[in-house]
There are 2 protein chains.
Amino acid sequence: MNNKPTIHDIAKALNINSSTVSRALNDSPRVTLKTKEKILKKAEELGYKRNVLASSLRKNVTNTLGVIVPRISRHFFSSAIQGIEETAYLAGYNVIICQSLEQLEREQSIVNGLVEKRVDGVLISISMETLNYQHLEIVKNSNIPLVFFDRHCNEAGNSNVLIDDFKGGFDATEHLILQGNKNIVHFSGPNELEIYKNRLAGYKAALKKHNIAFNPENVIVTRLMEDDGFKSMQTILNLKQKIDAVFSANDMAAIGAIKCIKQSNLKIPDDIAIVGFSNEPISTVIEPSLTTIDQSGLEIGKTAAALILSYIENKQIPEKGENIVLKANLIERNSSKRN
Amino acid sequence: MNNKPTIHDIAKALNINSSTVSRALNDSPRVTLKTKEKILKKAEELGYKRNVLASSLRKNVTNTLGVIVPRISRHFFSSAIQGIEETAYLAGYNVIICQSLEQLEREQSIVNGLVEKRVDGVLISISMETLNYQHLEIVKNSNIPLVFFDRHCNEAGNSNVLIDDFKGGFDATEHLILQGNKNIVHFSGPNELEIYKNRLAGYKAALKKHNIAFNPENVIVTRLMEDDGFKSMQTILNLKQKIDAVFSANDMAAIGAIKCIKQSNLKIPDDIAIVGFSNEPISTVIEPSLTTIDQSGLEIGKTAAALILSYIENKQIPEKGENIVLKANLIERNSSKRN
């Protein structure tokens, strides 16, 4: 049709994989800066131009990604969507956003709708009700690339973009132990979700490392809304349960706990120390500011979009799936630091 | 094609307009509860079922709404998107989300892309750089319904879903005056945007009503990021300018100002009272809690989606446009209440 250079020409000239070229042009964090620079230079040299119009003329391509999240307005998800949109936009793709509202039935119906719409790829963070994954088979059977981000399924062959939930849970708990806390309660989410399983596993591993016995009664499972954190803390205080600290698997429940503790006459962190998870913007505004694990929705979104775009543009879905695990860094703030 | 009842049958049976029926079925706040109940009862009686598959078979219909916002991750916009998606989902429509990142050029390119994709309607909240609206003509010329929400254009013939920015600005300012403040600074956004013009006009009107002279130097125009509020307040304090209060046209800049005041040794509201605008979740967490104007993104989104769906389903765009103005209520909190 024309002799314009393609990503394959760039790949050939540099003797590298064309999926690396695609990722570099999609600004994937998986490609080193040095390689990106080399690829961009070669792309310019060859006169490569991403041709949005031409690519939309390819057969069966809609230049659309379908994205399913539990709830758009949750900060982590809206940041992830922002990252997905930014990366998709640069590649000439549109993004259809759907929300499961944490309901499996709705998620099923959305998945079917996106397949019917023949989106080029599906990015999903599953609902709290999603315990089996049959409704996602239709995506795979339709040869549509599927990438999980954050809330994923533990199934072989899937591609996932995650942060290191285990290490996040471990670091959060070890930080509390190193501040002198022993009796540490863990607010967890539904156990069926891998992310909560892994954060809990990290919590247990840190206790074990420091020779603190794991007490199952110290794990409180809720949906981790602000109100859940408030009520869980209220129960602890009413029962006059003696605890030193809480590691909450998200910031919202941690903030609920802080609000509850402040209403009683206890002090944070002197009486009870608190650590959250996600680094929501609200965690810097609450007093005391909340120690938490940084989980950049923006970066997860950009990475997930770059990954799925590489599958789409290479017309190849890796059979074994790929796991991209982003770092989870502890951010120490005033809710846990005893000086 | 079939004898299944349509919204027109419901309209006929009740002797009301079919656009009212469509709005009621889309749960529009513009239809009274009583009418909604009547319509739902009749719909059930006639065996009406919204047939998503059938409607997607109509000619030239993609069952897709295009939505353009400045930035997805801003809480107001993610709430609006959530509301749009919820309403669209019930009507069997998908939502493509795009962000201008406050850049006119990007907004132009997005608009063209959505028209090429033949979306059934475009919902837009314009960027801070959008001073002329020529790039939106293509939507109208393609007979695609266009509805502005929140950030709109002051042009005849447009349809807008807004909150009452003038009254919000008026109530915020009058509240500060009634608390004993006279020298009130206003943090405003770019003057080209109607919402900031109207909030400023409300501020001026409240001063006038209470015989306080308007001082143009008391209006500080920025992009209203948290950092802008911090710096504006820093300048005021450095210049030892004597002010009683600030009415900020959004919550983020108000929170920046609060952080700055707290770093100096001044007290809120005793030394300087603060009122924001939007009722972001963060406004209840900051200390002191922020007095603000409630602007429900969720409700604006639902209303805007119901309005555009009524245009799409009736295949008619009102020539004169429609304005839906939602209430803007003052929420009094500790940042302004002097007891």
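Residues numbered from 1 in each chain as written. Chains lettered and ligands numbered in written order. Predicted model: local features only at pLDDT ≥ 70, side-chain atom pairs only at ≥ 80, totals over all residues. Heavy atoms only, no water.

1. Brief notes about the overall build of chain A
On a plain count of helices and strands, chain A comes out with 13 helices and 12 strands. Its C-alpha atoms give chain A a radius of gyration of 22 Å, within 12% of the compact-globule value 20 Å for 339 residues. Expressed along its principal axes, the backbone C-alpha trace of chain A runs to roughly 75 × 45 × 35 Å. Buried positions account for 57% of the 339 residues belonging to chain A. (Helix = DSSP H or I, 4+ residues; strand = E, 2+ residues; numbered from the N terminus. Rg over C-alpha atoms; globule rule 2.2 N^0.38 Å. Buried < 20%, exposed > 50% of the residue type's maximum accessible area, 1.4 Å probe, protein only.)

2. With respect to the environment of B:Gly47
Residues and elements named next belong to chain B. For Gly47, the location among the structural elements is in the loop between helix H3 (33-46) and helix H4 (52-56). Judged by relative accessible area, Gly47 falls into the partly exposed class, the value being 45%. Residues Gly47 and Thr32, 15 residues apart in the sequence, show an inter-C-alpha distance of 22 Å.

3. Brief notes about the domain arrangement of chain A
All names here are of chain A. Domain assignment breaks chain A into domain 1 (7-50), domain 2 (64-163 + 297-326) and domain 3 (165-295). In this structure, domain 2 and domain 3 have C-alpha centres spaced 29 Å apart. Between domain 2 and domain 3, the contact holds 16 residues from the first and 14 residues from the second. On inspection of domain 2 and its partner domain 3, the count reaches 1 salt bridge. For Asp150, the salt bridge identified is with Arg199, shortest N-O distance 4.0 Å. Linking domain 2 with domain 3 are 3 residue pairs in polar contact (both at pLDDT 80 or more), by the criterion used here. Residue assignment for the side of domain 2 that touches domain 3 shows that the elements contributing at least two residues are helix H5 (75-90) and helix H13 (297-314). (Domains from an automatic or database assignment. Contact = heavy atoms within 4.5 Å. Salt bridge = Lys/Arg side-chain N within 4 Å of Asp/Glu carboxyl O. Polar contact = N/O pair within 3.5 Å; in protein donor to acceptor, adjacent residues only side chain to side chain.)

4. Digging into unusual backbone geometry
Looking along the chain, the bond that leaves A:Ile268 and enters A:Pro269 is cis, with omega of 5°. Along the chain, the position of A:Pro269 falls in the loop between helix H11 (251-263) and strand S9 (273-275). For B:Asn143, which is not glycine, the phi torsion reads 60° and is therefore positive. By relative accessible area, B:Asn143 is classed as exposed at 62%.

5. Notes on the interface of chain A and chain B
Counting from both sides, the interface comprises 35 residues of chain A and, opposite them, 35 residues of chain B. Roughly 2,900 Å² is buried in total at the junction of chain A and chain B, and carbon and sulfur atoms are behind 51% of that figure. Where chain A packs against chain B, one counts 4 salt bridges. A salt bridge links A:Lys262 to B:Glu287; the nearest nitrogen and oxygen atoms lie 2.3 Å apart. Across the contact surface, chain A and chain B share 22 residue pairs in polar contact (both at pLDDT 80 or more). When residues of the side of chain A that touches chain B are traced back to their parent elements, those giving at least two are H5, strand S2 (94-99), helix H6 (104-116), H11 and helix H12 (282-285) of chain A. In the side of chain A that touches chain B, the residues fall into 14 nonpolar, 12 polar and 9 charged. (Buried area = accessible area lost by both parts, 1.4 Å probe. Nonpolar A, V, L, I, M, F, W, Y, C, P; charged D, E, K, R; others polar.)

6. Topic: the state of the cysteines
All chains considered together, the criterion is met by 0 disulfides over all chains. Cysteine A:Cys98 is unpaired, with the sulfur of B:Cys98 as its nearest cysteine sulfur at 14 Å. (Disulfide = S-S within 2.5 Å.)

7. Description of the nonpolar core
Of all hydrophobic cores here, the largest spans 94 residues; its most connected members are A:Leu123, A:Phe149, A:Val161, B:Leu123, B:Phe149 and B:Val161. Those residues in contact with A:Val161 that lie beyond four places of it in its chain are A:Val147, A:Phe148, A:Phe149, A:Asp150, A:Ile300, A:Thr303, A:Ala304, A:Leu307, A:Ile324 and A:Leu326. A:Ile96, A:Val285, B:Ile126 and B:Leu136 belong to the second largest nonpolar core, which has 90 residues in total. (Core = buried A, V, L, I, M, F, W, Y, C linked by side-chain atoms within 4.5 Å.)

8. Side note on the side chain of A:Asn63
Residues and elements named next belong to chain A. With respect to the helices, strands and loops of the structure, Asn63 is situated in the loop between helix H4 (52-56) and strand S1 (64-69). Taking relative accessible area as the criterion, Asn63 reaches 4% and is therefore assigned buried. At 3.2 Å, the side chain of Asn63 forms a polar contact with the backbone oxygen of Gly92.

9. Points about the packing of helix H1 (residues 7-14) of chain B against helix H2 (residues 18-25) of chain B
Residues and elements named next belong to chain B. For the pair H1 and H2, the least separation of the axes is 8 Å and the interaxial angle reads 115°. Read as a crossing pair, H1 and H2 show a hand that is right-handed. Contacts between H1 and H2 involve Ile7, His8, Ile10 and Ala11 from the former and Ser18, Val21, Ser22 and Leu25 from the latter. Here the contact of H1 with H2 is built from residues that sort into 5 nonpolar, 3 polar and no charged. (Axes fitted to C-alpha atoms, helices over the stretch in contact; angles between N-to-C directions. Left-handed = near helix turned anticlockwise from the far one by under 90°.)

10. Notes on H1(B)
Residues and elements named next belong to chain B. For H1, the full list of buried residues reads Ile7, Ile10, Ala11 and Leu14. Around the axis of H1, the buried residues are gathered within 100° of arc, so they sit on the same side. Packing partners of the buried residues in H1 comprise H2, H3 and helix H13 (297-314). Within two residues after H1, Asn15 carries a phi angle of roughly 55°, on the positive side. (Arc of directions from axis to C-beta.)

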